[in-house]
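Chain and residue survey
Residues per chain, in single letters:
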Amino acid sequence: MMNPLRLLQLLKLLDVTRLQDNDDQRQMTDWLAQLPVTPAPVAALCVYPEFLAEARAHITQSNETVALATVVNFPTGDQPLSTVLADIATARQASATEIDCVLPYQTLLSGKETEVAQFLAAVREASQGLCLKIIIESGELLTAQQITKASELVIDSGAEFIKTSTGKVPVGVTLEAAKIILTSIAAADRSVGFKASGGVKTVEQALEIVSLYEQVTGKTAQSEGLRIGASTLLTELCQQLASE
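Residues numbered from 1 in each chain as written. Predicted model: local features only at pLDDT ≥ 70, side-chain atom pairs only at ≥ 80, totals over all residues. Heavy atoms only, no water.

1. A word on the nonpolar core
Note the following rule: Buried Ala, Val, Leu, Ile, Met, Phe, Trp, Tyr and Cys residues form a nonpolar core when they are joined through side-chain atoms within 4.5 Å. Residue exposure (1.4 Å probe, protein chains only): buried if accessible area is under 20% of the type maximum, exposed if over 50%, otherwise partly exposed. Labels follow the DSSP assignment, with helices taken as runs of H or I lasting at least four residues and strands as runs of E lasting at least two, numbered in each case from the N terminus. The contact rule is simple, with two residues in contact once any of their heavy atoms fall within 4.5 Å.
Counting 81 residues, the largest nonpolar core has L14, F194 and I228 as the members making the most contacts within it. At seven residues, helix α9 (residues 203-217) tops the list of elements feeding residues into this core. When sequence neighbours within four positions are dropped, the list of residues in contact with I228 reads L10, L13, L14, D15, A196, V200, A206, I209 and L233.

Below is the structure:
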C-alpha cells in the first residue's frame, strides 16, 4: 500500500507537461480539458510557448494556484542567444511564470565553459522575476565530471532549478545523474532546486526521486526545491490517491 500522504506530496511536485511536436490548438485544448481533477494543485503546467494562452485560460478556469511554465532553446540547446532572449520576453508577455531553458550542452562538451557561463548570465538577466530552470541534458553529458560542471555553472548563474532532461534524447533522468546533480546542489551556498524529467513514467519511479532528493539534501521535498516533470504520471497518481 502506498502512503497517501506521500502520494499527495508527490502530486504537489508535478510539472504536468505537454510537449508534443505536432500539436495544434485544438489538441492542446482537448488535453487540458481531459486533465483529471486533483485533490491538491500540481506545481505547474509546462507547454510550448504557442500554447501559453490556452494553458493560462485553463488555470484561470480551474481557479488554482498553478505555475505556468514554457521552454526556450528547446530541445537542442543551440539557438542564437538573441533568439532565446526574445523568446523569454515573448513568454513573459504571454503570462508564463517559469522558464525551462536548455543549456548549450554541445558548447559545454567542446570545452567552452566561459561561453556557457555568459549564455546563462544573459538568460538569468532576461528572466528576472520568473522562475528559471536550466536543462543540462544530463543524458548527453558523457561523464560525472561533465554533469558536475554543468550543475556548477547553473548554480553560479543564479537560476532557481537544475533540470535533468528535455525528454527528447534517448537517455532521460537516471538516479545516477540525479545523485550527482543533487550532490552539487547540497554543496551550494544558496538554495537551488532540482527538476527530474525525461522518462519518469510511474509513481514508483517518481517516489524514488523524491526519496533520493530528501536523502542527499536533508530537506523535505516541496515544490520550491523539487519538481518532477511528467506527461503521463498524473493519471496513475490520481488513480492511486483515489484508491487509498
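2. As for the packing of α9 against helix α10 (residues 233-243)
Basically, it comes down to this: Axis angles are defined between N-to-C directions and span 0 to 180 degrees, where every axis is a line fitted to C-alpha atoms and, for a helix, only to the segment in contact. Under this scheme an angle from 65 to 115 degrees is roughly perpendicular, one under 35 degrees roughly parallel, and one over 145 degrees roughly antiparallel; angles in between are oblique. The nonpolar class holds Ala, Val, Leu, Ile, Met, Phe, Trp, Tyr, Cys and Pro. Asp, Glu, Lys and Arg form the charged class, and all remaining residues, Gly among them, are polar.
Packing of α9 against α10 leaves a shortest axis separation of 10 Å and a crossing angle of 90°. Between α9 and α10, the angle falls in the class roughly perpendicular. Counting all contacts with α9, which are made through V203, E204 and A206, the residues of α10 involved are L233, E236, L237 and Q240. Of the residues assigned to the contact of α9 with α10, the class counts are four nonpolar, one polar and two charged.

3. Observations concerning the side chain of S138
Among the structural elements, S138 can be located in the loop between β5 (131-135) and α7 (144-157). If we skip the residues at most four places from it in the chain, S138 touches I147, T164, S165, G172 and A177.

4. Some thoughts on the environment of V42
Tracing the sequence through the fold places V42 in the loop between α2 (25-34) and β2 (44-47). On the basis of relative accessibility, which here comes to 9%, the residue V42 falls in the buried class. With 33 residues separating them along the chain, V42 and Q9 place their C-alpha atoms 9.7 Å apart.

5. Thoughts on the pairing of β2
Along a regular strand, successive side chains alternate from one face of the sheet to the other. Applicable threshold: By convention, a crossover is right-handed whenever its connection, traced from the first strand over the helix to the second and viewed with the strands pointing away, goes clockwise.
By the alternation rule, side chains of β2 split into A44 and C46 and L45 and V47, which are all buried. As a crossover connection, the stretch from strand β1 (residues 14-18) through α2 into β2 is right-handed. Remark: the β2/helix α3 (residues 52-62)/strand β3 (residues 67-72) crossover connection has right-handed handedness.

6. A word on the sheet that holds strand β7 (residues 193-196)
Just so we agree on the cut-off: For two strands to count as paired, DSSP must find a minimum of two bridges between them.
The sheet built from eight strands closes into a barrel, its strands ordered β1-β2-β3-β4-β5-β6-β7-β8 with parallel pairing. Averaged over all adjacent pairs, the angle separating strand axes in this sheet is 25°, with direction ignored. Here four bridges tie β2 to β3, and the two strands are oriented parallel to one another. Note on β3: the bridge partner recorded for V47 is T70. Lying over the sheet, α10 contacts β1 and β8 (226-230), oriented at roughly 135° with respect to β1.

7. Regarding the packing of α2 against α3
What describes two packed helices is the angle between their axes and the distance between those same axes. Rule in force here: By convention the crossing between two helices is left-handed if the near helix lies anticlockwise of the far one by an angle smaller than a right angle, and right-handed if it lies clockwise.
As a packed pair, α2 and α3 sit with axes 10 Å apart at the nearest point and diverge in direction by 25°. Considered as vectors, α2 and α3 are oriented roughly parallel to each other. Seen along the crossing, α2 lies across α3 with a hand that is right-handed. Residues Q25, M28, T29 and L32 of α2 pack against E54, A55 and H58 of α3. Taken together, the residues of the contact of α2 with α3 sort by class into three nonpolar, three polar and one charged.

8. Concerning the pattern of salt bridges
Heads up, the condition is: Only one rule defines a salt bridge in this text: a Lys or Arg side-chain nitrogen within 4 Å of an Asp or Glu carboxyl oxygen.
Enumeration according to the criterion identifies 15 salt bridges in this entry. For the salt bridge of K168 with D21, the shortest nitrogen-to-oxygen distance reads 3.4 Å. Of this pair, K168 sits in the loop between β6 (161-163) and α8 (175-187) while D21 is found in the loop between β1 and α2, placing the two residues 147 residues apart along the sequence. For K168, a relative accessible area of 34% gives the class partly exposed. Residue D21 is classed as exposed on the basis of its relative accessible area of 56%. Across the salt bridge formed by D30 and R26, the nearest N and O atoms sit 3.2 Å from each other. With a gap of four residues between them, D30 and R26 both fall in helix α2, about one helical turn apart.

9. A short note on the pairing of β7
Burial along β7 is two-sided: the residues G193 and K195 and F194 and A196 are all buried. Inspection of the sheet shows β6 paired to β7 by three bridges, in the parallel sense. Of the residues in β7, the one forming a bridge with F161 is G193.

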